[in-house]
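Architecture and fold: a report
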Amino acid sequence: MTAVAPVQAFKISDAATALQVSIDTIRRWEKMGLIKASRDEHNHRIFDIDELKRVQQKTSGNHLVNNYRILESKTRYPVTCIDLFAGAGGTALGFHNAGISHSLLSEIDKNASATLINNSEALNLGWSVIAGDVAEIDFTRMQADIIQAGFPCQAFSYAGKSMGFEDTRGTLFFEFARAINEVRPKIAIGENVRGLLTHENGQTLHTMIDVLGELGYSTAYKLLKAQYLDVPQKRERLILFAVRNDLNIPAVFPRERNYFISLREALEGCPKSAGQKYTERKHRIMELIPEGGYWRNLPDDLQREYMGASYHLGGGKTGMARRLSWDQPSLTLTCNPAQKQTERCHPGETRPLSVREYARIQTFPDEWVFSGSTGSQYKQIGNAVPVNLAYHIGRCALAALGHISTDETMDVIQMLVRK
């Protein structure tokens with residue numbers, strides 16, 4: 001799917017008149033992540049009228065075209081990558097689909113590493129997978145153009161301990177840095193959660209940039225929203241793009257598109273698979289929630305029963321008893337679709353999303369098989385980088401290395417953050 005420059009860019013009031021909807025409707029679409037505004041020369045928010053029409057069609061139940069697909073290049077490039085903390089292979093598969101080969105994947109979780117090994121063999125990917133602790137790997141004799149690492153994010157997540165470098169998991173960033181120092185790749189790419197931007201008032205991120213600077217790398221970073229990058233899910237990820245200082249290589253990031261892919265498009269024809277089930281009581285509650293609704297849609301007595309002490313606490317708690325919407329991207333997937341705080345109920349059936357539906361939303365192909373228990377499979381998928389998001393990042397790495405041309409789908413940043 002190739003992004004095209006807007007033909008007709010309208011201010012919000014003009015767009016509302018053209019579509020015969022209220023300004024508040026367009027504002028609501030934007031707030032929900034269904035439409036992306038740009039800015040004109042006067043810094044006014046403007047909207048692509050054609051994309052607004054598509055949003056209007058989707059939200060009104062008019063679904064003429066299904067835009068869901070797994071992005072893949074038919075060309076292989078002479079570029080190698082080492083992938084650390086590879087998980088179930090979301091980033092690795094996305095980079096592979098972009099045309100990049102892997103010289104090594106490292107993953108400590110036994111089920112996730114089995115997922116990597118089994119799929120590599122079944123799909124003839126040719127991956128070399130080390131199942132074990134990255135701290136025990138000697139990188140000094142290895143070569144690669146790129147090192148990529150989705151270093152575990154719990155230490156920097158608002159939902160985690162938020163202890164940063166004091167959390168032992170946070171020190172795994174330094175294993176990423178050690179690999180960079182020993183291999184000396186042209187590019188190093190790190191992925192983490194949005195919370196890294198503000199953790200310890202930004203000091204954690206600055207420390208990481210300083211560490212990379214000491215190794216001779218300049219770093220740029222950008223927060224990417226997956227729902228604007230061919231992923232049917234509202235998921236934000238912070239991407240660090242580090243370049244070796246002796247090379248004249250720019251930092252290149254994918255430019256977010258102005259379209260989105262709905263859950264309806266993603267789940268069309270989805271194969272049946274294992275999945276969690278609700279208890280009888282939970283099913284009784286969730287059956288009363290309308291599409292796109294949450295606990296506030298329950299009668300007050302059931303709100304009090306279901307929410308318990310949380311009923312009296314502040315905040316919207318909009319993830320509780322939440323049923324997804326057919327005509328929007330999914331909310332961010334977690335490691336468990338039936339967690340009380342982050343419910344992910346199927347939009348049309350009263351049940352949690354299945355494993356295969358989880359995989360579709362993360363843009364894994366249907367032939368990608370996950371190892372381990374159902375709970376482990378949910379966890380592997382929920383922790384993964386969406387494959388299509390990784391594809392776009394991989395294409396940007398290829399552009400930075402000069403193997404493909406940069407185009408209107410990419411943002412090139414020449415001035416990098418330096419030590």
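Residues numbered from 1 in each chain as written. Predicted model: local features only at pLDDT ≥ 70, side-chain atom pairs only at ≥ 80, totals over all residues. Heavy atoms only, no water.

**With respect to the overall build of the protein chain**
If you tally the helices and strands in the protein chain, you get 13 helices and 14 strands. A compact globule built from 419 residues would reach a C-alpha radius of gyration of about 22 Å, and the protein chain, at 22 Å, matches this within 12%. When its C-alpha atoms are laid out on the principal axes, the protein chain stretches across 65 × 50 × 45 Å. For the protein chain, the residues scored as buried account for 54% of the 419 residues in total. (Helix = DSSP H or I, 4+ residues; strand = E, 2+ residues; numbered from the N terminus. Rg over C-alpha atoms; globule rule 2.2 N^0.38 Å. Buried < 20%, exposed > 50% of the residue type's maximum accessible area, 1.4 Å probe, protein only.)

**What about helix H4 (residues 90-98)?**
For H4, a buried count of 9 out of 9 residues is recorded, marking the element as mostly surrounded by other parts of the structure. Burial in H4 covers these residues: Gly 90, Thr 91, Ala 92, Leu 93, Gly 94, Phe 95, His 96, Asn 97 and Ala 98. Those residues of H4 that are buried lie in contact with strand E4 (80-84), strand E5 (101-107), strand E7 (146-149), strand E8 (187-192) and helix H13 (387-400). In the stretch just after H4, Gly 99 is the one whose phi turns positive, near 115°. (Contact = heavy atoms within 4.5 Å.)

**Topic: the sheet that holds strand E11 (residues 236-244)**
Strand order across the open sheet formed by 7 strands is E6-E5-E4-E7-E8-E11-E9, with mixed pairing between neighbours. Only two strands of the sheet have a single neighbouring strand rather than two, namely strand E6 (129-131) and strand E9 (217-225). Each strand of the sheet is rotated relative to its neighbour by a mean of 15°, with strand direction disregarded. In the sheet, E9 pairs with E11 via 9 bridges, with the strands oriented antiparallel. Along E11, the bridge assignment pairs Tyr 217 with Arg 244. Of the strands in this sheet, E4, E7, E8 and E9 are in contact with helix H6 (residues 172-183), which crosses E7 at around 175°. Those strands touched by helix H7 (residues 203-214) are E9 and E11, and its axis lies near 145° from that of E9. (Pairing = 2+ DSSP bridges. Axes fitted to C-alpha atoms, helices over the stretch in contact; angles between N-to-C directions.)

**Description of unusual backbone geometry**
Negative phi characterises most residues that are not glycine, and trans characterises most peptide bonds. In the Ramachandran plot, Gln 20 falls in the positive-phi region, its phi being about 60° despite a non-glycine side chain. Relative to the helices and strands, Gln 20 resides in the loop between helix H1 (12-19) and helix H2 (23-31). Accessibility expressed as a relative area gives 75% for Gln 20, which makes it exposed. Phi angles above zero are rare outside glycine, and Asp 230 is one such case at about 65°. One can find Asp 230 in the loop between E9 and strand E10 (233-234). Judged by relative accessible area, which is 2%, Asp 230 ranks as buried.

**Section: the nonpolar core**
The biggest cluster of nonpolar side chains holds 35 residues, and the ones touching the most others in it are Phe 95, Ile 146, Ile 187, Ile 189, Phe 241 and Leu 389. For this core, the elements supplying multiple residues, two or more each, are H4, E8, E9, E11, strand E12 (251-254) and H13. Ranked by the residues each element gives to this core, the list is headed by H13, at 9 residues. Counting residues in each nonpolar core, the second largest holds 29 residues, with Ile 137, Val 183, Leu 205 and Ile 209 among its members. (Core = buried A, V, L, I, M, F, W, Y, C linked by side-chain atoms within 4.5 Å.)

**A short note on the packing of H1 against H2**
Their axes nearest at 8 Å, the elements H1 and H2 cross at an angle of 110°. Taken as axis vectors, H1 and H2 run roughly perpendicular relative to one another. In this structure, H1 uses Ile 12, Ser 13, Ala 15, Ala 16 and Leu 19 to contact H2, whose residues at the interface are Ile 23, Ile 26, Arg 27 and Trp 29. For the contact of H1 with H2, the per-class residue count stands at 7 nonpolar, 1 polar and 1 charged. (Parallel < 35°, antiparallel > 145°, perpendicular 65-115°, else oblique. Nonpolar A, V, L, I, M, F, W, Y, C, P; charged D, E, K, R; others polar.)

**Notes on the side chain of Asp 83**
Looking at where Asp 83 falls in the secondary structure, it is placed in strand E4. No salt bridge is formed by the buried Asp 83. Its closest oppositely charged neighbour is Arg 76, at 12 Å. A distance of 3.4 Å separates a polar atom in the side chain of Asp 83 from the backbone nitrogen of Ala 92. Contact partners of Asp 83, with chain neighbours within four places excluded, come to Thr 91, Ala 92, His 102, Leu 104, Leu 105, Ser 106 and Gln 148. (Lys, Arg positive; Asp, Glu negative; His and termini not counted. Salt bridge = Lys/Arg side-chain N within 4 Å of Asp/Glu carboxyl O. Polar contact = N/O pair within 3.5 Å; in protein donor to acceptor, adjacent residues only side chain to side chain.)

**Describing the packing of aromatic side chains**
For the coordinates displayed, the defined rule picks out 11 aromatic pairs. Between Phe 173 and Phe 174 the ring centres are 5.5 Å apart and the planes differ by 75°, which places this aromatic pair in the edge-to-face class. Taking relative accessible area as the criterion, Phe 173 reaches 0% and is therefore assigned buried. Where Trp 295 meets Tyr 311, the ring centres are 6.3 Å apart and the plane angle is 70°; that geometry is what we call edge-to-face. A residue pair is termed long-range when its members are at least 10 positions apart, and Trp 295 in the loop between helix H9 (280-286) and helix H10 (300-307) and Tyr 311 in the loop between H10 and strand E13 (330-331) qualify at 16 residues. Members of the aromatic cluster, each reached through a chain of ring pairs, are Trp 127, Phe 364, Trp 368 and Phe 370. When the ring centre of Tyr 306 is taken as origin, the NZ or CZ atom of Lys 340, which lies over that ring, is 4.8 Å away. (Phe/Tyr/Trp six-rings, centres within 6.5 Å; stacked < 30°, edge-to-face > 60°. Lys NZ or Arg CZ within 6 Å of the ring centre and 35° of its normal.)

**Structural notes on the confidence of the model for the protein chain**
Chain-level pLDDT for the protein chain is 88 on average; 91% of the residues reach the 70-or-more range. This stretch, residues 1-6, has a pLDDT under 50; its non-local contacts, to residues over four places away or in other chains, come to 10 contacts. Contacts of residues 154-170 to residues separated by more than four positions or lying in other chains number 39 contacts, the stretch itself having pLDDT below 50. (pLDDT = per-residue confidence, 0-100.)

**Some details on the pattern of salt bridges**
What the rule picks out here adds up to 17 salt bridges. Put simply, Asp 411 and Lys 222 hold a salt bridge, and the shortest N to O gap is 2.9 Å. Within this pair, whereas Asp 411 is found in strand E14 (residues 410-413), its partner Lys 222 is found in strand E9, the two being separated by 189 residues in sequence. In this structure, Asp 327 engages Arg 264 in a salt bridge whose closest nitrogen and oxygen atoms are separated by 3.0 Å. With Asp 327 in the loop between H10 and E13 and Arg 264 in helix H8 (residues 263-267), the pair connects residues that are 63 residues apart, well separated along the chain. Judged by relative accessible area, Asp 327 falls into the buried class, the value being 11%.

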